[in-house]
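Residue strings, one per chain:
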Amino acid sequence: MTITPNQTPSALNFECETGNYHTFCPISCVAWLYQKIEDSFFLVIGTKTCGYFLQNAMGVMIFAEPRYAMAELEEGDISAKLSDYEELKRLCLQIKRDRNPSVIVWIGTCTTEIIKMDLEGLAPKLEAEIGIPIVTARANGLDYAFTQGEDTVLAAMAHKCPKEAPKAEAEKEERNAISKLMNFGKKKEEVKQTEAEYKDHTPLVLFGSLPDPVVTNLTLELKKQGIKVAGWLPSKRFTELPVIEEGYYTCGVNPFLSRTATTLMRRRKTKLIGAPFPIGPDGTRAWIEKICSVLNIEPQGLEEREAQIWENLEDYIKLIRGKSVFFMGDNLLEVSLARFLIRCGMTCPEIGIPYMDKRYQKAELELLEKTCNEMGVALPNIVEKPDNYNQLQRIKELQPDLVITGMAHANPLEARGINTKWSVEFTFAQIHGFTNARDILELATRPMRRNNNLKELGWEKLVKEEAQV
Ligand code: SF4
């Protein structure tokens, strides 16, 4: 039998290009992690290049006295005329004096890699000397892309989670900040009664940094099923990192956390629940269902819940149904977002993605395939390490209705009459859980709504004729 070229492939097609693409440097994770972990301080050990990037990428946040700083390397550091240990000690003591954090996170950069500065070796020594825990993460542009920075930090932090439940009452209370939050304002008897609402299961720890309202939201969703979240990595404070004992279940909330997942499995001996990610109502339902099935719990009322959310989204879905979306790829959320948008009725010819861990994303990829089959659309091409130049040629050919891309290409594409959405916004917006599905569509449809309003002006293509070179 011969395969005709226009036949829809039955399995997802993976390609790999040159890795010549735009993305944020992973050190950008300090921007959201210092806000999430309130008693932390992030020290990025790099050069002015890194400093310039952070200063510009973080926008107005840099005027709010952030708890991050650059340890800017000088000529003397590079040629080893100065002692790395003494220099770092001087800076960390200054941080201790001025901010007194509960943890200092060292972020290694390209330069510290190339000159082979032994941050992991220096940290324990200095930690003992100054009396503040030091976490070392190599979130550099040589090895990683954008959100993977968080992955390296969380993987390093997983080592600092306590191994067994604290004995002292006071500490027990401090560690269990989530249940404290859930039980806020309740009397003791009421708390006891709430405890009875939970089913009996092996403790579950979730990992991934999310804004506090989203953490509460997802914790409550699981509570509705009788599942108790024993803790989150990271927690609001470093001193509240969850206890992780051997045999605990862990589950990720974001697609870029594969190193953290591996560390939790291999080093902390936990059991990973491989589920699709709780992005969009379909993803959230699949995520909860998977957790329920592993914990042997019958899920309640999820179907109705999902249906009701879809109903509320109809006004947005009307705008995108039957349209096509092209992901250039820069933040690793692409597969989950594409799966949700395809469920909304869009088609997707290409999903670019910086790095694809097929094992960690297995359940998500399966859900993508299932969604495409159910919606009767062709399976997208998944292009790992994309080449932006080639992608632009493909965009020119395909003329998609929406391109999700970085700022470097957004304006040039708009000027050529192609709707674009800046991909970074998906990283900072609240997109997890049932209730935030509206926010994803608000972002995705914004350029279409705006350009529809401006259509009458007849100015959608404002580039001069192509230069003849
Ligand atoms: S890519 Fe390397 S040099 Fe550039 S900002 Fe990131 S860590 Fe610094």
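Going by what an unreviewed UniProt entry lists, the protein chain is known as Light-independent protochlorophyllide reductase subunit N and is assigned to Hyella patelloides LEGE 07179. Turning to the protein chain, the UniProt record has this under Catalytic activity (unreviewed entry): "chlorophyllide a + oxidized 2[4Fe-4S]-[ferredoxin] + 2 ADP + 2 phosphate = protochlorophyllide a + reduced 2[4Fe-4S]-[ferredoxin] + 2 ATP + 2 H2O".

**Describing the overall build of the protein chain**
The helix and strand inventory of the protein chain stands at 20 helices and 14 strands. In the protein chain, once contacts between residues fewer than 6 apart in sequence are set aside, the share between residues at least 24 apart is 76%. Approximately 22900 Å² of the protein chain is accessible, and the part contributed by carbon and sulfur atoms is 51%.

**Concerning the pattern of salt bridges**
Counting across every chain of the model gives 31 salt bridges. Taking the shortest distance from any N to any O, the salt bridge between glutamate 17 and arginine 394 comes out at 3.1 Å. Placement of glutamate 17 in the loop between strand E1 (13-16) and helix H1 (29-36) and of arginine 394 in helix H17 (residues 388-398) is noted, with a sequence separation of 377 residues between them. Note on arginine 394: relative accessible area 24%, which makes it partly exposed. For glutamate 72, the salt bridge goes to lysine 48, with nearest N and O atoms at 3.0 Å. Of this pair, glutamate 72 sits in strand E3 (residues 68-72) while lysine 48 is found in helix H2 (residues 48-57), placing the two residues 24 residues apart along the sequence.

**As for the confidence of the model for the protein chain**
Of all residues in the protein chain, 90% have pLDDT values of 70 or greater, and the mean over the chain is 90. The least confident element of the protein chain, judged by mean pLDDT, is helix H8 (residues 169-175) at 61; the most confident is helix H7 (residues 148-158) at 97. For residues 1-9, every residue scores under 50 in pLDDT, and the model assigns this stretch three contacts once sequence neighbours within four places are set aside.

**Let's talk about the nonpolar core**
Of all hydrophobic cores here, the largest spans 103 residues; its most connected members are Ile107, Trp287 and Leu341. The element contributing the most residues to this core is helix H14 (residues 302-320), with seven residues. Each residue touching isoleucine 107, except ones within four places of it in the same chain, is listed here: Ile27, Val30, Phe42, Leu43, Val44, Ile45, Ala137, Ala139 and Val153. Ranked by size, the runner-up nonpolar core spans 19 residues in total, among them Phe41, Tyr85, Cys92 and Ile132.

**Some words on the environment of methionine 157**
With respect to the element layout, methionine 157 can be found in helix H7. Methionine 157 sits in the buried class, given a relative accessible area of 0%. Once the C-alpha coordinates of methionine 157 and leucine 241 are considered, the two residues, 84 residues apart in sequence, prove to be 8.7 Å apart. Not counting the four nearest positions on each side in its chain, methionine 157 is found in contact with Ile37, Val105, Val135, Leu233, Phe238 and Leu241.

**Digging into the site of the ligand**
Taken together, Cys25, Cys50, Thr109, Cys110 and Gly141 make up all the residues around the ligand. Looking at the shell around the ligand residue by residue, the class counts come to three nonpolar, two polar and no charged.

**What about the sheet that holds strand E11 (residues 347-353)?**
Strand pairing in a sheet relies on backbone hydrogen bonds. The paired strands run either parallel or antiparallel. Strand order in this open sheet of six strands is E1-E12-E11-E10-E13-E14, and the pairing throughout is parallel. Looking at strand neighbours, the two that pair on one side only are E1 and strand E14 (420-422), the edges of this open sheet. Within the sheet, the average angular offset between the axes of one strand and its neighbour, ignoring direction, is 20°. Two elements, E1 and strand E12 (residues 381-384), share four bridges in a ladder whose sense is parallel. Note on E12: the bridge partner recorded for cysteine 16 is glutamate 384. Contacts between H17 and the sheet are confined to strand E10 (324-327), E11, E12 and strand E13 (402-405), with E10 contributing the most and set at about 175° to the helix. Across the sheet, helix H20 (residues 437-454) lies against E13 and E14, angled at about 140° from E14, the strand it touches most.

**Regarding helix H11 (residues 212-224)**
The terminal C-alpha atoms of H11 lie 18 Å apart, and with 13 residues this matches the ideal 18 Å at 1.5 Å per residue to within 8%. Taken residue by residue, H11 has Val214, Val215, Asn217, Leu218, Thr219, Glu221, Leu222 and Lys223 as its buried positions. Of the residues flanking the end of H11, it is glycine 226, one or two places downstream, whose phi is positive at about 85°.

**Regarding the UniProt feature "binding site: [4Fe-4S] cluster" (unreviewed entry) in the protein chain**
Summarizing the sequence annotation, UniProt attributes the feature "binding site: [4Fe-4S] cluster" (unreviewed entry) to Cys25, Cys50 and Cys110 in the numbering used throughout. Spanning 86 residues, the named residues form one tight spatial group whose C-alpha atoms are at most 10.2 Å apart. Its location among the elements puts cysteine 25 in the loop between E1 and H1. Residues within four places of cysteine 25 in sequence aside, it is in contact with Phe53, Gly141 and Phe146. One can find cysteine 110 in helix H5 (residues 110-114). Here cysteine 110 is in contact with Asn140, Gly141 and Leu142, once residues within four sequence places are set aside.

Calculation notes
Residues numbered from 1 in each chain as written. Predicted model: local features only at pLDDT ≥ 70, side-chain atom pairs only at ≥ 80, totals over all residues. Heavy atoms only, no water. UniProt positions renumbered as here; feature names shortened; annotations may be inferred. Helix = DSSP H or I, 4+ residues; strand = E, 2+ residues; numbered from the N terminus. Contact = heavy atoms within 4.5 Å. Areas by Shrake-Rupley, 256 points an atom, 1.4 Å probe, with all protein chains shown as cover. Salt bridge = Lys/Arg side-chain N within 4 Å of Asp/Glu carboxyl O. Buried < 20%, exposed > 50% of the residue type's maximum accessible area, 1.4 Å probe, protein only. pLDDT = per-residue confidence, 0-100. Core = buried A, V, L, I, M, F, W, Y, C linked by side-chain atoms within 4.5 Å. Near = heavy atom within 4 Å. Nonpolar A, V, L, I, M, F, W, Y, C, P; charged D, E, K, R; others polar. Pairing = 2+ DSSP bridges. Axes fitted to C-alpha atoms, helices over the stretch in contact; angles between N-to-C directions. Expected span 1.5 Å × (residues − 1).

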